[in-house]
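Coordinates in review
So the chains spell out like this:
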Amino acid sequence: MIPLTEHLPDGPLSVAAVRAIDDRLRVPIAPAAAPTVVGGPVGLRVHGTGDACVLWIHGGGMFLGAAEYDDAFCCDLAAALGAAVVAVDYRLAPEHPHPAPVHDCRTALAWCAGRYERVVVAGGSAGGGLAAALCLLARDEGGPAIAAAHLYYPMLDDRHETPSARENAGAPVWNRRLADLAWAAYLGGAPADAYAAPARATDLRGLPPTYVDTGSLDLFRDEDAGYARRLAEAGVPTVFELVPGGVHAFEVYDPDAAASVATRERRLAALRRSLREDFRTW
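Below, the structure is looked at part by part. No experiment lies behind these values; they were computed from the predicted model shown. (Residues numbered from 1 in each chain as written. Predicted model: local features only at pLDDT ≥ 70, side-chain atom pairs only at ≥ 80, totals over all residues. Heavy atoms only, no water.)

**As for the sheet that holds strand β4 (residues 84-89)**
Strand order across the open sheet formed by eight strands is β1-β2-β4-β3-β5-β6-β7-β8, with mixed pairing between neighbours. Since the sheet does not close on itself, it has two edges, and those belong to β1 (36-38) and β8 (238-243), each with one partner. Each adjacent strand pair in this sheet contributes to an overall mean axis angle of 20°, direction not counted. With six bridges connecting them, strand β3 (residues 52-57) and strand β5 (residues 118-124) associate as parallel partners. Opposite valine 54, over in β5, you have valine 120 as the bridge partner. (Pairing = 2+ DSSP bridges. Helix = DSSP H or I, 4+ residues; strand = E, 2+ residues; numbered from the N terminus. Axes fitted to C-alpha atoms, helices over the stretch in contact; angles between N-to-C directions.)

What follows is the structure, encoded as structure tokens:
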């Protein structure tokens, strides 16, 4: 895949321009088996079967992407886990700013909770941020229960005040210009709360066990590491993995690299454990 950043024009960015570039660069990959598509207030794409499920939340800075673009990934994941993977097609900003996307994820969580014995939430980048926000929302509203959260280089903080946000402002794949555009689209001019930017949450107690990973060259490195540290300090069973030399979405753009292979294996092992164990510590 070709990083989006290599094709960005000079000057101010717009959602429409970035979407057009993203559409041009996207290479469709057909899944081994077509998902079951569930309509309703929120679209869902169900891959595989089982008593437990992973609720998958796609990335794209809150303004790019769609659940169907991850069909091949979700199909393969369901087969590897022997469980269902349910991808939520949440509404995108700026047409539907916060809190619409996280409310769509909450609707998807309720659908899953009514059909599976255990629900693990997972997502990458913006999807990881939405997964973290969903955990906060479910805790504060008294459910539905989430067995664990798996956050891959999650987008958690709109403030960009960390050293990695400055050091990696021009990073490949996802840079500061795209991050600023994404947060502006998602917030729609409103101030961020913890359900928009989970790094702003002041109380992380009572959240589900959480796995977090990120790359050392990722714009989000420090906000992700800081969130994982605060989870652990709040008594939440937490695993944090930092991948040396990893940029944003490194395993997607360089899938055959040793670090990418090791990361996928580590994630699968953690997901398998989350789907089968009601554990207290990792």
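**Section: the side chain of serine 125**
Structurally, the position occupied by serine 125 is in the loop between β5 and α4 (126-141). Setting aside its immediate chain neighbours within four residues, serine 125 contacts Tyr152, Tyr153, Pro154, Met155, Phe220 and His248. (Contact = heavy atoms within 4.5 Å.)

**Concerning the environment of proline 255**
Considering the arrangement of structural elements, one finds proline 255 in the loop between α8 (250-253) and α9 (258-276). Look past the residues within four positions of proline 255 in its chain and what remains in contact with it is Ser260, Val261 and Arg264.

**Some words on the pairing of strand β7 (residues 210-215)**
Every regular strand shows the same layout, with side chains that alternate between the two sheet faces. Counting buried residues in β7 gives six out of six residues, a clear majority hidden from the surface. Alternating residues of β7 divide into Thr210, Val212 and Thr214 and Tyr211, Asp213 and Gly215, and every residue in both groups is buried. In terms of strand pairing, strand β6 (residues 148-152) meets β7 through four bridges, oriented parallel. The partner of tyrosine 152 across the bridge, within β7, is aspartate 213. Read as a crossover between parallel neighbours, the route from β7 over helix α7 (residues 221-233) to β8 is right-handed. (Buried < 20%, exposed > 50% of the residue type's maximum accessible area, 1.4 Å probe, protein only. Right-handed = clockwise from strand over helix to strand, strands pointing away.)

Worth remembering: the numbers are spatial, not functional.
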